[in-house]
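# Observations on chain architecture
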Amino acid sequence: MFKLKLKALGHPNPENFNCEDEKEYRSIVLWLEDQKIRHYKIEEREGLRNIDSDSWKEAYDTYQKDLVSPINSGDPNEQLNWLLSYAVRLEYGDNVTKYKDVKVEQPKQATPNVVSSNPLDNLDFGSSAFVAGVDRVCALTGVGPHPNPKFRLSAVAKILKTAPHPDHNKGDASIVQQPNDVLKLLFIQDLRELQTKINEALVAVQSVTADPRTDTTLGRVGR
């Protein structure tokens, strides 16, 4: 993550930066203040400039507090990560015109595809064949006419749920079972479509949270 942010900031050697090397760490802090953050006046940066001095840590702690860093007493790597993120934010603020029209490349991940064996997955619910099928189901269950076939199916569902055919000794029970099976298939279709939408949303969220340029926790103080 350090290397990505250093690269975004235009550091001359982001690939070889070693955050565990104390001298490199201090040099990066100085570079950020000199080139990007510029919170101090030039003459006020002397404490940070003395990267070989034993007093550098004290100057660095003061610098963190002056920047109102939310983790000024945290882990050194966390502190540096915040500094880099803050510098990226300032860099963007200084170049709004340059970056505002940049197009973000769409994530290359393909939306997960739910494979279905349901024969109704490709059914056209507005077709005349579907309407005719609804008419037949409604005729079997005694549901009257309505211009919207979805309303009629809803009525059929309520009938089958609350008043199943009582006479199981006659062949009529199988007549009621037919529309019941159809409704189950339609319900499965709805679930398939819902799962696909959920998968698409998950892919979109993952693509945003994985983007190193996205950082909504940053604050800004006066420069």
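Residues numbered from 1 in each chain as written. Predicted model: local features only at pLDDT ≥ 70, side-chain atom pairs only at ≥ 80, totals over all residues. Heavy atoms only, no water.

This brings us to the environment of Asn50. If you trace the backbone, Asn50 turns up in the loop between α3 (46-49) and α4 (56-66). A sequence separation of 20 residues divides Asn50 from Leu30, and the C-alpha atoms of the two residues are 9.3 Å apart. (Helix = DSSP H or I, 4+ residues; strand = E, 2+ residues; numbered from the N terminus.)

Side chains three or four residues apart in an α-helix point the same way, a direct result of the helix having 3.6 residues per turn. Among all positions in helix α2 (residues 22-37), only Tyr25, Arg26, Ile28, Val29, Leu30, Trp31, Leu32, Glu33, Asp34, Lys36 and Ile37 are buried. The opening residue of α2, the one whose side-chain oxygen lies 3.0 Å from the backbone nitrogen of Lys23, is Asp21. (Buried < 20%, exposed > 50% of the residue type's maximum accessible area, 1.4 Å probe, protein only. Polar contact = N/O pair within 3.5 Å; in protein donor to acceptor, adjacent residues only side chain to side chain.)

Moving on, we come to the side chain of Ser69. By the element assignment, Ser69 lies in the loop between α4 and α5 (76-94). According to the relative accessible area criterion, Ser69 is buried, its value standing at 4%. At 3.0 Å, the side chain of Ser69 forms a polar contact with the side chain of Gln64. With residues up to four places along the chain from it excluded, the contact list for Ser69 reads Gln64 and Trp82. (Contact = heavy atoms within 4.5 Å.)

Attention now goes to unusual backbone geometry. Although it is not a glycine, Arg38 sits at a positive phi angle of roughly 50°. Residue placement: Arg38 occurs in the loop between α2 and α3. Overall, Arg38 belongs to the partly exposed group, its relative accessible area being 35%. The phi torsion at Val68 lies on the positive side, around 60°, for a residue other than glycine. With respect to the helices and strands, the residue Val68 is situated in the loop between α4 and α5. Judged by its relative accessible area of 58%, Val68 is exposed.

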